[in-house]
Every structure is written in C-alpha cells, then in structure tokens.
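# Breakdown of the fold
Each chain, letter by letter, is given below.
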Protein chains: 2
Amino acid sequence: MENTVTIKDVAARAGVSVGTASRVLSGSTSTSAASREQVRAAAAELGYRPDARARALRSARSHAVALLVSDVRNPFFADIAHGAEQAALASSYVTLLANANEDTVQQDTYLEAFLTQRVDGIIIAPQGEGSGNLRDIEQARLPLVFVDRTVEGFDVPSVTADNAQGVDLALAHLASQGHTRIGFIGGPMAVSTGRARHDAFLRSVARHGLDDDPELIAAGDFRSASGGTAAARLLAARRPPTALLAADSLMAVGALGEVRRQGLRIGRDLALVAFDDIEWFGELDPPITVVAHSARELGETAMRLLLEVIEGRPAESVVLPMELVVRQSSACRQATGEQPSVLLTPGPRPGTA
Amino acid sequence: MENTVTIKDVAARAGVSVGTASRVLSGSTSTSAASREQVRAAAAELGYRPDARARALRSARSHAVALLVSDVRNPFFADIAHGAEQAALASSYVTLLANANEDTVQQDTYLEAFLTQRVDGIIIAPQGEGSGNLRDIEQARLPLVFVDRTVEGFDVPSVTADNAQGVDLALAHLASQGHTRIGFIGGPMAVSTGRARHDAFLRSVARHGLDDDPELIAAGDFRSASGGTAAARLLAARRPPTALLAADSLMAVGALGEVRRQGLRIGRDLALVAFDDIEWFGELDPPITVVAHSARELGETAMRLLLEVIEGRPAESVVLPMELVVRQSSACRQATGEQPSVLLTPGPRPGTA
DNA sequence: TTGTAAGCGTTATCAT
DNA sequence: ATGATAACGCTTACAA
C-alpha cells in the first residue's frame, strides 16, 4: 500500500549512492551532469516522491505553516485564509488550515496538533486570553503571528485593522445623515476586536455628540444568531435607535433577519452599517454599507510577516486602515433639514480590490 | 529554538530507558505502575511533546488526513469542511484543509503536497477530469473519498447529493406556482454537479411540460460574478423567464444583485430558487427558497467513510436526499387561477439541523 | 516488566 | 564529485 519508493530505490536504479541521489534531488551541492541525468530519470520512472516527514525530521524545516482561524464559516476569515494560502504557496510553503470554531478548547487542540506536527510557524486569530499552548509556543520561540485579533501580553507581530478609525468612519457617516441614536451590536469582550470596537464606539459617540445611552449597546458573539438577538433587544429600547452598527458581518446578517421579521425595511426605516466587507453585501437588496479592509490583504500580510520571522528577519506589526463604503442600507436620513453630504455608491464595492 | 525536548530527555529524567518511556507515553504494552508514574511526571515537568513526524515515520500512520475543497470562500464548502473536521477530531485525527480555489493547477499542487506529507487519506471535491496526481493517489491505494463531486472512471467511495431529485423538487414547486418559463443558471460542465444539474434540468423541464427553450439556460462557474452575468443573459431573452433556478448559492447571490440592478424585486417580479442552503438565506429580504442538504452532514459522512477506508473496512458511497425549503423568494405566482398549493415558511430553515 | 538495538527515509559529515 | 555512515526522534522486535 502507498508509495513505497524510497531514495534508495532511485539510487540503485541510477547506479549511484543514496548520497548522490539526495544531492541531485534536493539540488544542493555540486553533482556531475551524468549522475544528475541518471538520478532524474530514475526518479521519474519510479514515480519517486520524497517523504516530507523524513526530510523535515532530518533538516529541521518542514516548509509547512499553520493558520488557525476563529471561524471558517465566516467569509471574512475564509478570505483571510485564501490570502494567506496564496502568499504561502508563492513561497512554496504548504498551509495547514484549521478552524477553532470560536472555541477556546478547540483552539488549544489544534495548537497542540501544530506543535506536535512541528510546523515552521503559526498564524492565529486568537480567542480569549492566552491559552497555555499559546504561551508554550511563545516560549518555544516558534514563529507566531496574530491576524485580525491580538492577545495582550504577547510580544508577537500582528496584522490588524484600525478599529477605532473604522468605528469613527461609520459614526461620522451616520451622524452626517442626521442620526443621533445609534445602536451598537458589539462583539465578545474576550476578543480584542470586540473590546476595541466597543471602546471606540463609546469614544466616537462622545466625539460626535450622539446619544450616550446604555440601552443602545448590545453584545453578540460574532455569529449571526446573536446579531438577531441583539437587534431585537436594541429595537425594544424605550427610545429605539434609528441606525445600527454591527461589529461584524455575520451579526449584521442576523440583524437583517430580525429587522425584516419586525416588518421594518433596512435603508428606509432603519440605517445599517456593518464591519467587514464581503462579496455578498454589494449584491443584497438593499446593498449594505460597510467599514472594511481587504481581508485578503490581511491574510497575505500576515503570511509575509510569518515567513520573515521564520527566515530570521525582523518583522514589524502592521495596522491596516479601514475604509467606508457607502451603499443603500444607510441611505435613510433622519429629519434635520440638511442636504445629503455623501455620494451614494450602489452595487458592488468600487475601486479597491 | 523550538521545543527540543525529546523522549531521551524524558527517559533520562525518569531514570528509565527510552523503550520504557515510549511504551508509557504511547500506552502500548505493559509497564509497571512505578515507571508509568515517573515517566508521566518527567514528561510533564519537561513539557515534552512527541514529534509527530518521527512517530509517523516509524509507525506508518500519521493520524493526519487532508481535505481539499474547491473553494473555501463558498459557505457550502466551509460547512463541509467544518463537518469533516469535527468528525476527524472526534476520532483524534488532524485535518489539513486546503483550498483548490476552483483551479485544477492548484488542486494538483496540494495533492502533491499531501502525497509528500504522507497523510493517511484524502477527501476531495474534485475539479475537472482526473488529474495526474489524482490517478497516482488511486494507484498508490492511498485512501481517497470524493465529496459533493465525483470524477468519472474512478472507483472511489463518494458522498454526493441527489441532484436530480433536487432539480425536480425545485421545478415541481415552481411549476405548481404556475411558472412555465424557468431560467437555469448552471454550473461548469467540467464539474460533475454542474453536469448532473444541467441534465436533470432538461429532463425535469420535459417531465413537467415546461417551456423547453435554449435561451432559458445559461452557464456559470459556481462563483457569484458569473451568476450576475448569467441572470443578465437570461433576462435579456426574447421571452424572459418568470423564475430562476441557480445551481449554487454563490451564483444565486450574483443573480440577486443583477435582478436588483435591473430594478426588479425577487419574490414579486421574479421567483428565485437556489441550490445549497446557507445560514444567510433565511435572513435575507426576501428569504430565499432553496433545495438543500446539510453540508455539514456531507462533510461528516465523507470523513466517516475515509476513516473506514483507512482502517481497512469496506466503505460504500452515500447519496444524500435533497430537501425543498420554501421561503418568500419563490412566493410570486404566475397567473393561472390556481390556489397556492404550498405552505410558505418565512425565516430560517425549520426542522432539519 | 524492562533494556538494547535496529530501522523508518532523509540529509549532513567526512573521507576519498 | 561521490560513497559510506551517522544522525534526526521515535517505535518495536528481541532478549533478558
């Protein structure tokens, strides 16, 4: 069973020693044209495929990196994964993609697996506080990069979004439309982006002189169902909001459903702005206004950083700017007598890839 | 750098031989309570983590399986991945998830990687015809399972959906609403599901006595942009359709956008039914009618099959039934004077998990 | 029950 | 330039 052709077989067939065969196959030191040809031919004829495990065992480099996302089913992370994977492939690294499923235990399970698999490095969108395994990784000096989220107390390069800017962009936009009561569907406080967006919301509300009402804040868990629940709670407030800001796309979708069930229509009765642009949002009816950054770029950058760390070069954290993409979901104005101050962009996201 | 604690260190610290240490750690043959305790303690104190590669090299079992999906960014495949991953974890297998990105070349790149990594088995949603690497895998008798899609000429267990049934369910539903001109947004003919759904469409159109017009068929590539293009083409027909059936969810989304851009409204001016249920579809306005099967179950079943093959037990292919979930996107009836014959289910999918 | 040693497929070292 | 041989970290006969 399986491919049991080893380098020994190749060497034998080529009439050289395994040493020479190895040298030819891994293209390292000098070899004669003759043996090069013989070995190549033998390898091809036999369908030889080197054993990555044996190779890694001996040479302490597996050329495999791991990417642990918090939820593969979240298009945002799927895009990150895609970007990272492509970048890895370009440098001929294999990516082992795994899914923590927003669960600390599963996160640890996979970290453990990566540790025992001796991958060359790990990119993670971490959950909660630093788990034991995360500490072990740092202590073992195994190359590690945070993407999208961070954990306090870790001195690890990261690629994140400028969350404060994103929130402010969203609120400035809504404020300019005359909204003063804006409901916030936040993420879990155990996640850095959840905290950052929550804090930024409070600051931004103050800065723009909007209503500062605890009833306008509801927390979710970055999954769609919680977005619906949160929206319901916000809409049931004594003085309900006229606009909603959702801290991620999945919760925005949940909110969408709840709003519809209440017989309201987004973009007419209620404005909605979501974090994270995903392919879909421009296609919906109405298209959804977002504050976003390219998830793909996030993933690519994270992988670039990781490969730098692996090769021993210094890597610096990157904070990507966020961008406001105005679509029709935030088209409804509150009565204040002003003229519209922004240009409506219908359909898919313009310009930026 | 890295965790360089080996079983030798553990053995030394525990005051036993490596043999004994190994036996304790992998819990195989009989060991004395004394040494068990010593070894356990030593391992814990040293933070010992076995090297999976060395272990696999020696024992010809890596406990790692690979899952190659055609597009991670497609929620349908993300769900499959999630299901498969959970099932693997339950049997303490690690899943290496990779993304072919609907690209034959990338598919081959990853298959090559899996081959050299010596995974214990592979689940794949294959592209196009059997590539060279796919043949190699079959010949090497490396455990292989197809999920969602198949490739002709391969004698490999598979888990697929009953596509013909799905199409027929959709058309029967639309026909009962009085529609006779139904536009089909198909998938690529190079993919088995694309072919199956296309053929089923033709048969089903005949069976229900619907308009058989070549202008009512447009092909896409299972990505959202192509859904928009296809919808545009269909709507530009001399006699445009009154209902649309999209062969996957991504293309349905693209169609959604195109329909909106044409100033039409789904569920009022045009009916829409999509293949593959995804969390979102029940939350949209209007909620989308689908023919679906549980992607998660598809993934779980595929992994179950794979593990069976790996353990040497015989595995039989599974065809999962599809189910029609009627929502408001197909609520608009064509004038035929009949009464509605189906119950409208608003909101998220009922019953089935 | 335990220690010793061979071997998994490679690469790296050291002669030649 | 090439051939022998040790070594990577582990499991598993085979003895004891």
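As the structure is a prediction and not an experimental result, all values here were calculated from the model.

Secondary structure summary: chain A contains 12 helices and 12 strands in total. Each principal axis of the C-alpha atoms in chain A carries an extent, and together these give about 90 × 40 × 40 Å. Looking at chain A as a whole, 58% of its 353 residues qualify as buried. If you take every contact in chain A between residues at least 6 apart in sequence, the share linking residues at least 24 apart comes to 69%. Counting only carbon and sulfur atoms, one obtains 51% of the accessible surface of chain A, whose full area is about 13900 Å². Computed over 34 positive and 42 negative side-chain charges, the inter-centroid distance for chain A is 4 Å.

Close contacts around DNA strand D come from 21 residues, with Thr-20, Ser-30 and Ser-32 of chain A together with Ile-7 and Tyr-48 of chain B the closest. The contact atoms of DNA strand D, taken as those within 4 Å of the protein, divide so that sugar and phosphate hold 63%. Ser-35 of chain A is positioned with one of its side-chain polar atoms (N or O) 2.9 Å from a phosphate oxygen of DNA strand D. Here Ala-54 of chain B contributes a backbone N or O atom positioned 3.4 Å from a base nitrogen of DNA strand D. Listing elements by their share of the surface near DNA strand D, those giving two or more residues are helix H2 (18–25) and helix H4 (52–59) of chain A together with helix H2 (18–25) and helix H4 (52–59) of chain B. Across the surface near DNA strand D, the residue classes break down as six nonpolar, nine polar and six charged.

Residue-level contacts link 64 residues of chain B with 64 residues of chain A. Buried area between chain B and chain A, summed over both chains or domains, comes out near 6100 Å², and the portion from carbon and sulfur atoms is 55%. Taken together, the connections running from chain B to chain A amount to 10 salt bridges. Where Glu-283 of chain A meets Arg-261 of chain B, a salt bridge forms, and the shortest distance between an N and an O atom there is 3.6 Å. Linking chain B to chain A there are 31 residue pairs in polar contact (both at pLDDT 80 or more). Tallied by class, residues from the side of chain B that touches chain A come to 29 nonpolar, 17 polar and 18 charged.

What follows covers helix H5 (residues 75–90) of chain A. All names here are of chain A. Over its 16 residues, H5 runs 23 Å from end to end, which matches the ideal 22 Å to within 8%, given 1.5 Å per residue. Counting buried residues in H5 gives 14 out of 16 residues, a clear majority hidden from the surface. Ser-92 sits one or two positions beyond H5 and adopts a positive phi of about 50 degrees.

A separate point is the relation of the copies chain B and chain A. Its rotation angle being 180 degrees, the transformation that places chain B on chain A also includes 0.0 Å of axial translation and leaves an RMSD of 0.1 Å. Look at the turn and shift together and you get a two-fold axis relating the two. Most of the interface of chain B is mirrored in chain A, where 100% of its interface residues are also at the interface.

To continue, consider the sheet that holds strand E8 (residues 243–246) of chain A. Residue and element names in this part refer to chain A. Within the open sheet, the six strands sit side by side as E7-E6-E8-E9-E10-E12. Their pairing is mixed. Looking at the sheet topology across the chains shown, the edges are occupied by strand E7 (217–219) and strand E12 (323–325). Within the sheet, the average angular offset between the axes of one strand and its neighbour, ignoring direction, is 15 degrees. Pairing between strand E9 (residues 271–275) and strand E10 (residues 289–292): three bridges, direction parallel. Following the sheet pairing, Phe-275 is matched in E10 by Val-291. Against the sheet, helix H10 (residues 224–235) contacts strand E6 (182–186), E7 and E8, and its axis sits at roughly 150 degrees relative to E6.

Take the UniProt feature "domain: HTH lacI-type" (unreviewed entry) in chain A next. Mapped onto the present numbering, the UniProt feature "domain: HTH lacI-type" (unreviewed entry) falls at residues 5–59 of chain A. Helix makes up 69% of residues 5–59 of chain A and strand 0%, with an end-to-end C-alpha separation of 20 Å.

What surrounds DNA strand C is a group of 24 residues, the closest being Ile-7 of chain A together with Thr-20, Arg-23, Ser-30 and Ser-32 of chain B. Arg-58 of chain A is positioned with one of its side-chain polar atoms (N or O) 2.9 Å from a base oxygen of DNA strand C. Elements with a contribution of two residues or more to the surface near DNA strand C: H2 and H4 of chain A together with H2 and H4 of chain B. A breakdown of the residues in the surface near DNA strand C according to their chemical character gives six nonpolar, 11 polar and seven charged.

Moving on, we get to the sheet that holds strand E10 (residues 289–292) of chain B. Residue and element names in this part refer to chain B. With respect to topology, six strands assemble into an open sheet ordered E7-E6-E8-E9-E10-E12, the strand pairing being mixed. Looking at which strands have only one partner, the edges of the open sheet turn out to be strand E7 (217–219) and strand E12 (323–325). On average, adjacent strands in this sheet sit at an angle of 15 degrees to one another, irrespective of strand direction. Against the sheet, helix H8 (residues 163–176) makes contact with strand E6 (182–186), strand E8 (243–246), strand E9 (271–275), E10 and E12, and its axis sits at roughly 170 degrees relative to E9, the strand it touches most. Sitting on the sheet, helix H11 (residues 249–261) touches E6, E8 and E9, and the angle it makes with E9 is about 160 degrees.

On to the nonpolar core, then. Grouped together as the largest cluster of nonpolar side chains are 98 residues, with contacts concentrated most on Leu-245 and Phe-281 of chain A together with Leu-245 and Phe-281 of chain B. In this view, Leu-245 of chain B contacts Val-167, Ala-170, Leu-171, Ile-182, Gly-183, Phe-184, Ile-185, Phe-201, Val-273 and Phe-275 of chain B; residues no more than four positions away in its chain are not counted.

Relative to the helices and strands, His-82 of chain A is located in helix H5. Among the polar contacts made by the side chain of His-82 of chain A, one reaches the side chain of Arg-73 of chain B at a distance of 3.5 Å. Dropping the residues within four chain positions of it, His-82 of chain A is found in contact with Arg-296 of chain A together with Arg-73, Asn-99 and Asn-101 of chain B.

Once that is clear, we can look at the packing of H5 of chain A against helix H12 (residues 295–310) of chain A. Helices that pack against each other are described as a pair by the angle of their axes relative to one another and the distance between those axes. All names here are of chain A. The geometry of H5 relative to H12 is characterised by a closest axis approach of 7 Å and an angle of 40 degrees between their N-to-C directions. The pairing of H5 with H12 is recorded here as oblique in orientation. As H5 runs across H12, the sense of the crossing is right-handed. Mapping the contact onto sequence places Phe-76, Asp-79, Ile-80, His-82, Gly-83, Ala-84, Gln-86, Ala-87 and Ala-88 in H5 and Ala-295, Arg-296, Leu-298, Gly-299, Glu-300 and Met-303 in H12. When its residues are assigned to classes, the contact of H5 with H12 shows eight nonpolar, four polar and three charged.

This paragraph deals with unusual backbone geometry. For the bond from Asp-285 of chain A to Pro-286 of chain A, the omega torsion is 0 degrees, close enough to zero to count as cis. Phi is positive for His-63 of chain B, which is not a glycine, with a value near 60 degrees. The phi dihedral of Asn-101 of chain B is positive, around 60 degrees, even though this residue is not glycine. Take Asn-101 of chain B: it is sitting in the loop between strand E2 (94–99) and helix H6 (104–117).

This paragraph deals with helix H9 (residues 192–207) of chain B. All names here are of chain B. The terminal C-alpha atoms of H9 lie 22 Å apart, and with 16 residues this matches the ideal 22 Å at 1.5 Å per residue to within 8%. Within H9 the residues assigned to the buried category are Ser-192, Thr-193, Gly-194, Arg-197, His-198, Ala-200, Phe-201, Ser-204 and Val-205. Close packing links the buried residues of H9 with H8, E6, E7, E8 and E9. Remark: Gly-209 follows H9 within two positions and exhibits a positive phi of approximately 65 degrees.

Looking now at the domain arrangement of chain A. In terms of domain boundaries, chain A breaks down into domain 1 (7–50), domain 2 (62–161 + 296–320) and domain 3 (163–292 + 323–346). If you average the C-alpha positions of domain 1 of chain A and of domain 2 of chain A, the two centres end up 36 Å apart.

Definitions and limits used
- Residues numbered from 1 in each chain as written.
- Chains lettered and ligands numbered in written order.
- Predicted model: local features only at pLDDT ≥ 70, side-chain atom pairs only at ≥ 80, totals over all residues.
- Heavy atoms only, no water.
- Helix = DSSP H or I, 4+ residues; strand = E, 2+ residues; numbered from the N terminus.
- Buried < 20%, exposed > 50% of the residue type's maximum accessible area, 1.4 Å probe, protein only.
- Contact = heavy atoms within 4.5 Å.
- Areas by Shrake-Rupley, 256 points an atom, 1.4 Å probe, with all protein chains shown as cover.
- Lys, Arg positive; Asp, Glu negative; His and termini not counted.
- Charge placed at Lys NZ, Arg CZ, Asp CG, Glu CD.
- Near = heavy atom within 4 Å.
- Polar contact = N/O pair within 3.5 Å; in protein donor to acceptor, adjacent residues only side chain to side chain.
- Nonpolar A, V, L, I, M, F, W, Y, C, P; charged D, E, K, R; others polar.
- Buried area = accessible area lost by both parts, 1.4 Å probe.
- Salt bridge = Lys/Arg side-chain N within 4 Å of Asp/Glu carboxyl O.
- Expected span 1.5 Å × (residues − 1).
- Least-squares fit on C-alpha atoms with pLDDT ≥ 70 in both.
- Pairing = 2+ DSSP bridges.
- Axes fitted to C-alpha atoms, helices over the stretch in contact; angles between N-to-C directions.
- UniProt positions renumbered as here; feature names shortened; annotations may be inferred.
- Core = buried A, V, L, I, M, F, W, Y, C linked by side-chain atoms within 4.5 Å.
- Parallel < 35°, antiparallel > 145°, perpendicular 65-115°, else oblique.
- Left-handed = near helix turned anticlockwise from the far one by under 90°.
- Domains from an automatic or database assignment.

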